[in-house]
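# Close look at the chain arrangement
Spelled out, the chains give:
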Amino acid sequence: MTTTPSHPAAELPGRPPIVDLATWQAARDELLVREKAHTREGDAIAAARRRLPMVEFDGKVEVVGPDGPVPFLDLFQGRDELVVYKHMWYDGAPPQGQCEGCTTTAWSMKDAVYLNARGVSFAIVTTGPWDEVASFVEFMGYTQPWYSVRDVEGPAGGDMGYVACFLREGDRVFLTYSTTGRGNERINGSLGLLDMTPYGRREGWEDNPEGWPEAGEAGAPVGGHGAPICWYWRSDADGNATWGPTSRPAPQWTRPGATPVETLGRRGPHH
């Protein structure tokens, strides 16, 4: 049974309008036309992406991992395709001082089993020195392989904050695709789910209806219009948004036995 408001007072401020099921279904069907067109355009773009040319580079260039220097080829783990996330790095910064966007992205990729089943490996690289990177990976509890590409030129190293795809033919390695900015969102499925919710991501750039709820600009656990991402990405053990010696990336507080991390430097928040 669908409840229909009997008078305007039943409308809830800062909420979608209340309608009967038939009215909702009609609006939903209208939006679905646009969504299907978006999906088909995405398929067409993916088809064009598969037709991009590729660039060969030296796959034997060394990167540093838990076993010391290894050739970039090792990141393929014997498979023919490889997806790499290039994580930004701030030398000397504690875990809560590392790039909030990259940290969120890396946290979202806990298991690559479905990629592996299709012959694709996944790895994360960054320009940080390996001793710092190893401590960060252990602290965060990341499950995917990490490597330092410090002083390594692109495409294996180079600029960070990118998703890059590679193909190999024996010992020959090729760069096939790269994207950055919001192109990196594919790794974080939570963003797609948030886009389906009434209040979305609560980020400043979003187009929301007038009167939509906003969190405070600073110190708000869920962010809000204009709120720095770090204020709701990092918190103390009680969930209070903060950046300091007792804060850490929020998901870390869900780990058994989580304790505050010591500040490794005096760098300020990175936006």
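Right, let's walk through the structure included here. Keep in mind the model is a prediction, meaning the values are calculated, not measured.

## Quick word on the overall build of the protein chain
Helix and strand content of the protein chain: 6 helices and 10 strands. Relative to its full complement of 271 residues, the protein chain shows a buried share of 38%. Sequence separation of 24 or more characterises 54% of the internal contacts of the protein chain that already satisfy a separation of 6 or more. About 15800 Å² of surface is accessible on the protein chain, with carbon and sulfur atoms providing 55% of the total.

## Considerations on the environment of T104
For T104, the location among the structural elements is in helix α2 (residues 100-108). A sequence separation of 83 residues divides T104 from I187, and the C-alpha atoms of the two residues are 9.6 Å apart. Among all residues touching T104, those that are not within four sequence positions of it are N188 and W233.

## Here's the deal with the pairing of strand β5 (residues 120-126)
Buried residues dominate β5, accounting for 7 of its 7 residues. Burial along β5 is two-sided: V120, F122, I124 and T126 and S121, A123 and V125, pointing in opposite directions, are all buried. Taken together, the 7 bridges between strand β4 (residues 81-87) and β5 define a ladder with parallel strand orientation. Bridge pairing in β5 places V84 opposite A123. The pairing of β5 with strand β6 (residues 146-148) spans 3 bridges and is classified as parallel. The partner of V125 across the bridge, within β6, is Y147.

## Comments concerning helix α1 (residues 21-50)
In this model α1 runs 42 Å from its N-terminal to its C-terminal C-alpha over 30 residues, within 8% of the 44 Å that 1.5 Å per residue would give. The N-cap residue of α1 is D20: its side-chain oxygen and the backbone nitrogen of A22 are 3.1 Å apart.

## Looking at the layout of surface pockets
The volume enclosed by the largest pocket comes to roughly 1700 Å³. Mapped by element, the contributors of at least two residues to the lining of the largest pocket are α1 and α5 (189-194). In terms of residue count, α1 provides more of the lining of the largest pocket than any other element does, 15 residues in total. For the lining of the largest pocket, a count of residues per class yields 14 nonpolar, 9 polar and 14 charged.

## Describing the packing of aromatic side chains
This structure, assessed with the given rule, holds 10 aromatic pairs. Relative to F166, the ring of F57 has its centre 5.7 Å away and its plane inclined at 65°; by these criteria the two rings are edge-to-face. One end of the pair, F57, is in strand β1 (residues 55-57); the other, F166, is in strand β7 (residues 162-169), with 109 residues separating them in the sequence. Here the two residues F57 and F166 agree in accessibility, since each one is buried. Among the aromatic side chains, those forming a connected cluster through ring pairs are W89, W107, F136, Y142 and W146. The side chain of R49 reaches across the aromatic face of Y177, ending 4.9 Å from its centre. For K110, the ring lying beneath its charged end belongs to W107, and the centroid distance is 4.1 Å.

Criteria and thresholds
- Residues numbered from 1 in each chain as written.
- Predicted model: local features only at pLDDT ≥ 70, side-chain atom pairs only at ≥ 80, totals over all residues.
- Heavy atoms only, no water.
- Helix = DSSP H or I, 4+ residues; strand = E, 2+ residues; numbered from the N terminus.
- Buried < 20%, exposed > 50% of the residue type's maximum accessible area, 1.4 Å probe, protein only.
- Contact = heavy atoms within 4.5 Å.
- Areas by Shrake-Rupley, 256 points an atom, 1.4 Å probe, with all protein chains shown as cover.
- Pairing = 2+ DSSP bridges.
- Expected span 1.5 Å × (residues − 1).
- Polar contact = N/O pair within 3.5 Å; in protein donor to acceptor, adjacent residues only side chain to side chain.
- 1 Å grid on protein atoms, 1.4 Å probe; cavity = no way out; pocket = protein on both sides within 12 Å on 5 of 7 lines; lining within 4 Å.
- Points joined across faces, edges and corners; volume = space filled by probe spheres on them.
- Nonpolar A, V, L, I, M, F, W, Y, C, P; charged D, E, K, R; others polar.
- Phe/Tyr/Trp six-rings, centres within 6.5 Å; stacked < 30°, edge-to-face > 60°.
- Lys NZ or Arg CZ within 6 Å of the ring centre and 35° of its normal.

Geometric descriptors of this kind do not, in isolation, establish any biological role.
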